[in-house]
Amino acid sequence: EQSYVALLPGSRSGEVARLLPVMLNAVNHLLITQPQLRFLIPAINAQRAEQIRTFIATQTPSIQAHIQVIKNTKRTGFCRLDDHGRRKRFEQVGVC
């Protein structure tokens, strides 16, 4: 069963430049023990999507295959589960 993890490096160029390399390093380590994971990265606009894709291109093809850049819109939904397995909304990102 695939599990999805949202990587949220930010919406500003500087944030992405600082945070995404650290996150991609974590992705590399996580995939060693949890190869079923898939990673989603929302991009606020085309420029940020291109910046994110440039960072992803520096990774090995096997890591690249586990990462997807998605357009961040109000319809993009990310949810988390509470301690009882119920969905909780991340209002700032979208709806579940």
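Since we're looking at a predicted model, the values are computed, not measured.

(A) Local environment of the environment of Met23. Here Met23 is to be found in helix 1 (residues 13-33). For the pair Met23 and Pro9, spaced 14 residues apart in sequence, the C-alpha to C-alpha distance is 7.8 Å.

(B) Structural context of the nonpolar core. If you look at the biggest cluster of nonpolar residues, it comprises 17 residues, and the most contacted ones within it are Leu20, Val27, Phe39, Ile41, Ile52 and Ile67. Of all the secondary structure elements, the ones that give two or more residues to this core are helix 1, strand 2 (37-43), helix 2 (46-56) and strand 3 (67-71). Of all the elements, helix 1 adds the most residues to this core, at 6 residues. Residues in contact with Phe39, not counting those within four places in the same chain, are Val5, Leu7, Val27, Leu30, Leu31, His66, Ile67 and Gln68.

(C) Quick look at the sheet that holds strand 3. Sheet architecture is open: 3 strands sit in the order 1-2-3, paired in parallel fashion. Because the sheet does not close on itself, it has two edges, and the strands there are strand 1 (3-6) and strand 3. Strand-to-strand, the axes of this sheet are offset by a mean angle of 30°, without reference to chain direction. Together, strand 2 and strand 3 form the strand contacts of helix 1, whose direction differs from that of strand 2 by roughly 165°. Contacts between helix 2 and the sheet are confined to strand 2 and strand 3, with strand 2 contributing the most and set at about 145° to the helix.

(D) Structural view of the side chain of Arg48. By the element assignment, Arg48 lies in helix 2. Despite being buried, Arg48 has no salt bridge partner; Glu15 is the closest side chain of opposite charge, sitting 7.3 Å away. The contacts of Arg48, once residues within four sequence positions are left out, are Gly10, Ser11, Arg12, Ser13, Val16 and Ala43.

(E) Region of the structure containing the pattern of salt bridges. Taken as a whole, this structure holds 1 salt bridge when the rule is applied. The salt bridge partner of Glu15 is Arg12, with a shortest N-O separation of 3.5 Å.

(F) Just helix 2, in detail. Here helix 2 has its buried residues at Arg48, Ala49, Gln51, Ile52 and Ile56. Taken around the axis of helix 2, the buried residues stretch over an arc of 160°, which confines them to a single face. Every exposed residue of helix 2 that faces more than 90 degrees away from the buried side is listed here: Ala46 and Gln47. Packing partners of the buried residues in helix 2 comprise helix 1, strand 2, helix 3 (61-64) and strand 3. Sitting at the head of helix 2, Asn45 places a side-chain oxygen 3.2 Å from the backbone nitrogen of Gln47.

Reading the values: the criteria
- Residues numbered from 1 in each chain as written.
- Predicted model: local features only at pLDDT ≥ 70, side-chain atom pairs only at ≥ 80, totals over all residues.
- Heavy atoms only, no water.
- Helix = DSSP H or I, 4+ residues; strand = E, 2+ residues; numbered from the N terminus.
- Core = buried A, V, L, I, M, F, W, Y, C linked by side-chain atoms within 4.5 Å.
- Buried < 20%, exposed > 50% of the residue type's maximum accessible area, 1.4 Å probe, protein only.
- Contact = heavy atoms within 4.5 Å.
- Pairing = 2+ DSSP bridges.
- Axes fitted to C-alpha atoms, helices over the stretch in contact; angles between N-to-C directions.
- Lys, Arg positive; Asp, Glu negative; His and termini not counted.
- Salt bridge = Lys/Arg side-chain N within 4 Å of Asp/Glu carboxyl O.
- Arc of directions from axis to C-beta.
- Polar contact = N/O pair within 3.5 Å; in protein donor to acceptor, adjacent residues only side chain to side chain.

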